Amino acid sequence: MSAQQNKQRLQVPDALREILLEFSIAYLLEQPGDIVDYAVEFFTKLQESRKASALKQSVDLPSPDESVLSQEDEPVVQRFVGRRKSVFAEAYDPENDDDDEGATAIFPKTDEQRARLTESVKNILLFRSLDKEQMNQVLDAMFEKKVVLDEYIIRQGDDGDNFYVIESGVYKAFVNEKHIHTYNNSGSFGELALLYNMPRAASIQADSEGFLWAMDRQTFRRILLKSAFKKRKMYEKLLDSVPMLKALQNYERMNLADALISKSFQKGERIIQQGEVADGMYFIEDGKISIQISQDGGEVEISQLGTGQYFGELALVTHRPRAASAYALENCKVAFLETGSYERLMGKCVCLLKRGIRNYKYLDDDIREKLENNIL
């Protein structure tokens, strides 16, 4: 099959694009705590709404343009941006983006400005998966904007130009002149129009003086979307090398890849400490890891692990403190899977994890017995 034929075969249907857009807008506007729980709730409500719509149409046959949903039940995308069909026009394709095309803007900053910006972006979800080099690109590319009271930062319906991170100030979001949300000295906005190349879904007006950090659309897409694409491709290859993960479906491995966070450690640095509460497990991207346990007042190495292997899962399976410490034997990179993501994504692999840890020499007899009897 030719590349052109394959591209046509894999073309995303308009119906799928539309429903994914509805979900994306709803999620980005509401920003719930758990995306999976929110997705279940969102699509369940959407299904119920469509059943109600079909029933109503069979009863009184309204015109095609008539809305069959109330304002409360209407999907978010319909309330905020209407039935726009062309929002995916000129969509950014990270796979075909040439790294050498277009220079990334750099705005010089003082040490004090950089420190303030670093503090402002540290909790921004969009930046979470960036490595150190990519984060430095983000910091370089953002510029400071002073805001005055009542100033409109963005207006509903305008083309998206910048993404904004709040350093200080109070900002109100309006849709069709209705107040829907207030940002109070933290947060970010403006990503939706840049991600989907669509007009602004809401207006943002300053309710006080303040400072924002902004990034233009081209830089936003190149850094954030391309880094996310590269991350998934890299981690898909890593996860394919882990035999245990063969139990997962392909889409489940992709979700796992998206949840991983890259971390680097220097030679001799401790990664996890025996006795600590577990916060996640690790997959080794590159380098060697030494697993050690406390014994006779010191630490004794019990195993070494390399690329494609994993560690830290024991405490997650047993719900107990770390049973061993892990040290970097050389400069290394690991992919970290936090506890919440582990519980959500690794369900099919738990039995294989349990089978693997039965062979650990440092396993407590109590834990080993429970594993043998399938109590854990």
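Below: a short report on this structure.

The rules behind the values
- Residues numbered from 1 in each chain as written.
- Predicted model: local features only at pLDDT ≥ 70, side-chain atom pairs only at ≥ 80, totals over all residues.
- Heavy atoms only, no water.
- Axes fitted to C-alpha atoms, helices over the stretch in contact; angles between N-to-C directions.
- Helix = DSSP H or I, 4+ residues; strand = E, 2+ residues; numbered from the N terminus.
- Left-handed = near helix turned anticlockwise from the far one by under 90°.
- Contact = heavy atoms within 4.5 Å.
- Nonpolar A, V, L, I, M, F, W, Y, C, P; charged D, E, K, R; others polar.
- Pairing = 2+ DSSP bridges.
- Buried < 20%, exposed > 50% of the residue type's maximum accessible area, 1.4 Å probe, protein only.
- Core = buried A, V, L, I, M, F, W, Y, C linked by side-chain atoms within 4.5 Å.
- Phe/Tyr/Trp six-rings, centres within 6.5 Å; stacked < 30°, edge-to-face > 60°.
- Lys NZ or Arg CZ within 6 Å of the ring centre and 35° of its normal.
- Polar contact = N/O pair within 3.5 Å; in protein donor to acceptor, adjacent residues only side chain to side chain.

### Quick word on the packing of helix H5 (residues 111-121) against helix H6 (residues 132-141)
Two numbers describe how H5 lies on H6: the axes approach to 10 Å, and their chain directions differ by 115°. As H5 packs across H6, the resulting crossing turns out to be right-handed. Two secondary-structure elements touch here, H5 through Arg114, Leu117, Thr118 and Val121 and H6 through Met135, Asn136, Leu139 and Asp140. Among the residues making up the contact of H5 with H6, the classes are represented as 4 nonpolar, 2 polar and 2 charged.

### Describing the sheet that holds strand E8 (residues 210-216)
Picture the strands of a sheet paired through backbone hydrogen bonds; they go either parallel or antiparallel. Within the open sheet, the 4 strands sit side by side as E1-E8-E3-E6. Their pairing is antiparallel. The open sheet terminates on both sides in strands that have one partner only, identified here as strand E1 (143-147) and strand E6 (188-189). Looking at chain direction, strand E3 (residues 162-168) and E6 are connected through 2 bridges and run antiparallel. In the sheet register, Val165 faces E6, and the bridge partner there is Ser188. Set on the sheet, H5 makes contact with E1, E3 and E8; between it and E3 the angle comes to about 100°.

### Observations concerning the environment of Met142
Tracing the backbone shows Met142 in the loop between H6 and E1. Judged by its relative accessible area of 0%, Met142 is buried. In this structure, the C-alpha to C-alpha distance between Met142 and Pro108, residues 34 residues apart in sequence, is 9.4 Å. Ignoring sequence-local partners within four residues, the contact set of Met142 consists of Phe107, Lys109, Leu117, Val121, Val165, Trp213, Ala214 and Met215.

### Remarks on the nonpolar core
Core analysis: the largest hydrophobic core is formed by 24 residues, its most contacted members being Met244, Leu245, Leu256, Met281, Phe283, Leu337 and Met346. Taken together, the elements giving at least two residues each to this core come down to helix H8 (217-240), helix H9 (250-259), strand E11 (280-286), helix H10 (313-318), strand E16 (332-338) and helix H11 (339-345). Not counting chain neighbours up to four residues away, the residues in contact with Leu337 comprise Leu256, Ala259, Leu260, Asp279, Gly280, Met281, Phe283, Tyr342 and Met346. In this structure, Val121, Leu130, Val138 and Val165 belong to the second largest nonpolar core, which totals 17 residues.

### Some points on the pairing of strand E12 (residues 289-295)
Of all 7 residues in E12, 5 are buried, a share of seventy percent or more. Pairing analysis gives 7 bridges linking E12 to strand E13 (residues 298-305), with the strands arranged antiparallel. Residue pairing across strands places Ile293 opposite Val300, the latter belonging to E13. Between the antiparallel neighbours E12 and E13 lie 2 residues, among them Asp296 with a positive phi of about 55°. The pairing of E12 with strand E15 (residues 325-328) spans 4 bridges and is antiparallel. Bridge pairing in E15 links Ser290 to Tyr327.

### Section: the packing of aromatic side chains
Applying the stated criterion to the full structure yields 9 aromatic pairs. Each ring, one from Tyr282 and one from Phe311, has its centre 5.0 Å from the other, and the planes form 5°; the classification is stacked. Here Tyr282 is found in strand E11, whereas its partner Phe311 is found in strand E14 (residues 310-311), with 29 residues between them in sequence. On the basis of relative accessible area, Tyr282 is assigned to the buried category, the value being 3%. In textbook terms, an aromatic cluster arises when at least three aromatic residues are bridged by ring pairs, as seen for Tyr164, Tyr171, Tyr183 and Phe189. The ring centre of Tyr152 lies 3.9 Å from the NZ or CZ of Arg155, which sits over that ring. Taking NZ or CZ as reference, Lys263 lies 4.1 Å from the ring centre of Phe336, over its face.

### Concerning the side chain of Ser120
Within the element layout of this structure, Ser120 appears in helix H5. Since its relative accessible area comes to 15%, Ser120 is described here as buried. Among the polar contacts listed, one links the side chain of Ser120 to the backbone oxygen of Arg116, at a separation of 3.0 Å.

Such coordinate-based values are descriptive only and should not be taken to indicate function.
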